[in-house]
Amino acid sequence: MKSLALAHWWIRELRACGLREVVVSPGSRSAPLILALESEPKIALYVQPDERSAAFLALGLSRQAGRPVGLVCTSGSAGLNYAPALAEAYQQGVSLLAITADRPLRFVGAYEGQTLWQEEFYAGFIKGRMAVCESNPGNPKEAWALSTQGMPGPVHINMRFEEPLYGGALEQPLEPTLSQALFSRFDFGKTRPLDALKTLDLPARPKVVILAGHMGPQQAQALLPWILEFKKRGGLFWGDVSSQLWPYSSQAQLPDWLWEQTEEKNRPQLLVSMGGSVIPRRWEAYFERFPNQTTVHVDLFGEKGYRFRPDGWCWTGSPAGFFESLPQEMEALNCPAWNAEPGGGWSDVTATAELLRGLPGDSVFHLANSMGVRYVHALQDLLPKGIELWCNRGVSGIDGTLSTAVGQALAQPNKWHVVLMGDLALNYDCNAMLSQPRPNNLGVVVLNNGGGQIFRNLPGPKSRSMDAETYFVAAREGDFEWLARRNAWAYHCVQDLGELRAFLHQSKGIVAGLLEIKTEAQANTEAWAGLLSERRAAWNQAARGRD
Ligand SMILES: Cc1ncc(C[n+]2csc(CCOP(=O)(O)OP(=O)(O)O)c2C)c(N)n1
């Protein structure tokens, strides 16, 4: 059997399973796969030469399409560059099929270029892997099923190809073989049956708090009716801006007032967390200060494990099962809402506020990690309620925001997509702009504050006498006009509120291309501190008024 036949068989079988999109990165060893894909009219091909960006692009495509998206790259370090996005996909529950082309086994460990032990590339953050070669063609249906069943996730298929890579017979009868190694998710052994709720000895009308962290739309949609019902029953709900449930959150931060309460009447009796990470540290700290027995993590897919250590517990199953077992009536915790209206001069904060006011209500908004997501979390009441919000907060840092957004915008051409990111995040992921085809429904907004503003806002880096601007902020000068030009993107730069307003007015919101917003570091630090303290003061006043 020859390489081309193996590649064609895999692609045909995957197409029959439902594969419709593949992101390819050019290379030689993967040629059989590219030839096979090119002959499949039902599969849309995206080309991204940077494999790190390609995998994030596939994450965005799959997140939008809700089905596995394929990735194809050549042998050697190429596949290593898939790792960050696969880890994020694993954490978010997004299905991807990462197909790495490889050389025959006899070349491994023999000083061959672009040759290493590829089969173990992603151990720990994929659902499973298959080692495929001519004598062991594997099972495409099984790979597909593994990626979609239960909690969806990435699967790695490593294919060893013999030469010739471009020629040879196309059709050869192949029989699937079993070659799957399945990794199970971490099990912390803390899962308890729902009956455990009964052992907590809750009062008839307990005070209950639910905290929702980073989660995908599937999970959020399953939860939403229950969260609304929970609030009606008197429960207190906090939704992180990355949870998709933020429009239903009672607050965006934990008020000092509630934080300082020690009396019994203002203590929660059951704390429930759902989803992944949350932005305000204080929410987590609030959960951690109560006896762990009252803290439960609800995991709808039953595969992630436990969140609050050391003795909190985890319940796995359907939302119905959990919510139906909660008491019918709950006592409300006194916790007022507050609104943000940032004041002050030109800064990241005022610019972000203006941007949020100008976003079309039905657009899709992508946030980069670092200050972007924090600004929007704090200013969330300015967001139009119909907006869809996304952020890679599974394990990602600043590494794949734009690539993921490009993928998602390509998968949803009838919607307007906007990305808000910092200048380092854009520099890091600027190869996202190399992908083909390119989306014409994507506006990128970069807050250019000359480096990682977050490190200017954090007390830690400043507390030492070292050069924080160099070693933490990675301070830089310059603008992004070159980047826009390199990629033939439209470009506009604003340096004050008047210019930003004029641009948003003139263009009726964000337009396709790159909008650079230039701000000053010191003004940003002051505006951020001011926003947080003003809000806290307003909140505490509101809470005291209710006392
Ligand atoms: C891949 C990765 N490397 C390093 C970091 C550490 N890190 C966190 S925030 C940050 C600076 C981000 O700067 P920028 O994108 O300009 O955003 P700003 O802080 O200005 O909002 C860095 C380097 C990270 N999150 N991810």
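No experiment lies behind these values; they were computed from the predicted model shown. (Residues numbered from 1 in each chain as written. Predicted model: local features only at pLDDT ≥ 70, side-chain atom pairs only at ≥ 80, totals over all residues.)

1. Some thoughts on the overall build of the chain
Each helix and strand counted, the chain has 20 helices and 18 strands in total. When the 547 residues of the chain are sorted by exposure, 47% land in the buried category. Restricting the contact set of the chain to residue pairs at least 6 apart, pairs at least 24 apart contribute 79%. (Helix = DSSP H or I, 4+ residues; strand = E, 2+ residues; numbered from the N terminus. Buried ≥ 20, exposed ≤ 12 C-beta atoms within 10 Å, placed from the backbone. Contact = placed C-beta atoms within 7 Å.)

2. Remarks on helix H1 (residues 3-17)
An ideal rise of 1.5 Å per residue puts 21 Å on 15 residues; H1 measures up with 21 Å between its terminal C-alpha atoms. For H1, the elements touching its buried residues are helix H2 (31-38), strand E3 (69-73), helix H6 (140-148) and strand E6 (154-160). (Expected span 1.5 Å × (residues − 1).)

3. What about the site of the ligand?
Around the ligand, the surrounding shell holds 16 residues, and the nearest of these are Met371, Gly397, Gly422, Gly452 and Gln453. Counting only elements with at least two residues in the shell around the ligand, the list comes to helix H12 (371-378) and helix H14 (423-428). For the shell around the ligand, the element with the highest residue contribution is H14, accounting for three residues. By residue class, the composition of the shell around the ligand is five nonpolar, nine polar and two charged. (Near = placed C-beta within 6 Å. Nonpolar A, V, L, I, M, F, W, Y, C, P; charged D, E, K, R; others polar.)

4. Things to note about the pairing of strand E8 (residues 208-212)
Counting buried residues in E8 gives five out of five residues, a clear majority hidden from the surface. Relative to strand E10 (residues 270-274), E8 runs parallel, the two being bridged by five bridges. When the bridges of E10 are listed, Leu211 appears paired with Ser273. Here four bridges tie E8 to strand E9 (residues 236-239), and the two strands are oriented parallel to one another. From the neighbouring strand, Ile210 faces E9, where its bridge partner is Phe237. The handedness of the E8 to E9 crossover, carried by helix H7 (residues 217-232), is right-handed. (Pairing = 2+ DSSP bridges. Right-handed = clockwise from strand over helix to strand, strands pointing away.)

5. What to know about the nonpolar core
Generally speaking, a soluble globular protein has its nonpolar side chains buried in company with each other. In this structure, Ala58, Leu71, Leu86, Leu96 and Val445 are the most contacted members of the largest nonpolar core, which totals 140 residues. Ranked by residue count, the leading element in this core is H1, at eight residues. (Core = buried A, V, L, I, M, F, W, Y, C linked by C-beta atoms within 7 Å.)

6. Focus on the sheet that holds strand E13 (residues 364-367)
Overall, parallel pairing links the six strands, which are arranged E14-E13-E15-E16-E18-E17 in an open sheet. Edge positions in the sheet fall to strand E14 (388-390) and strand E17 (491-494), since each of these pairs with one other strand and no more. Strand-to-strand twist in this sheet, taken as the mean axis angle between neighbours without regard to direction, amounts to 20°. Bridging between strand E15 (residues 417-422) and strand E16 (residues 442-448) involves six bridges; their strand directions are parallel. Residue pairing for E16: His417 is matched across the bridge by Leu442. Helix H13 (residues 401-411) rests against E13, E14, E15 and E16 of the sheet, and its axis sits at about 180° to E15. (Axes fitted to C-alpha atoms, helices over the stretch in contact; angles between N-to-C directions.)

7. Description of the pairing of strand E5 (residues 128-132)
Sheet topology note: the E5/E6 ladder contains five bridges and is parallel. By the bridge assignment, Arg129 is partnered in E6 with His156. Taken together, E5, H6 and E6 constitute a β-α-β crossover, and its handedness is right-handed.

8. Let's talk about the packing of helix H11 (residues 348-358) against helix H19 (residues 497-507)
With their axes 10 Å apart at the nearest point, H11 and H19 run at an angle of 15° to one another. When the axes of H11 and H19 are compared, the pair comes out roughly parallel. The two elements H11 and H19 meet at a crossing, and its hand is right-handed. Taken together, the residues of H19 that come into contact with H11 (itself represented by Thr350, Ala351, Glu354 and Gly358) are Leu497, Leu500, Arg501 and Leu504. (Parallel < 35°, antiparallel > 145°, perpendicular 65-115°, else oblique. Left-handed = near helix turned anticlockwise from the far one by under 90°.)

9. Overview of unusual backbone geometry
Between Glu163 and the following residue, Pro164, the backbone shows a cis peptide bond with an omega angle of 5°. As for its position among the elements, Pro164 is in the loop between E6 and strand E7 (180-182). Each neighbour pair has its own omega, and for Gln436 with Pro437 the value is -5°, a cis peptide bond. Mapped onto the secondary structure, Pro437 falls in the loop between H14 and E16. The phi dihedral of Gln244 falls on the positive side, at around 70°, and the residue is not glycine. By secondary structure assignment, the location of Gln244 is in the loop between E9 and helix H8 (256-259). Although it is not a glycine, Ala474 sits at a positive phi angle of roughly 50°. Considering the arrangement of structural elements, one finds Ala474 in the loop between helix H17 (468-471) and helix H18 (481-486). A count of 14 C-beta atoms within 10 Å places Ala474 in the partly exposed class.

10. Comments concerning the packing of helix H3 (residues 51-65) against helix H5 (residues 83-92)
One can describe the packing of H3 onto H5 by two numbers: an axis separation of 7 Å at closest approach and a directional angle of 25°. With respect to each other, H3 and H5 are oriented roughly parallel. Facing Arg52, Ala55, Phe56 and Leu59 of H3, the residues of H5 in contact are Pro84, Ala85, Leu86, Glu88 and Ala89. Of the residues belonging to the contact of H3 with H5, the class tally is seven nonpolar, no polar and two charged.

11. Remarks on H6
Looking only at H6, the buried set comprises Pro140, Ala143, Trp144, Leu146 and Ser147. The buried residues of H6 occupy one face: seen down the axis, they fall within an arc of 165°. (Arc of directions from axis to C-beta.)

12. Structural notes on the environment of Thr100
Along the chain, Thr100 turns up in strand E4 (residues 96-102). When the C-alpha atoms of Thr100 and His156 are compared, they prove to be 7.7 Å apart, with 56 residues separating the residues in sequence.

13. A short note on the environment of Asn81
Among the structural elements, Asn81 can be located in the loop between helix H4 (77-80) and H5. Note on Asn81: 16 C-beta atoms within 10 Å, which makes it partly exposed. Excluding its chain neighbours within four sequence positions, the residues that come into contact with Asn81 are Glu51 and Arg52.

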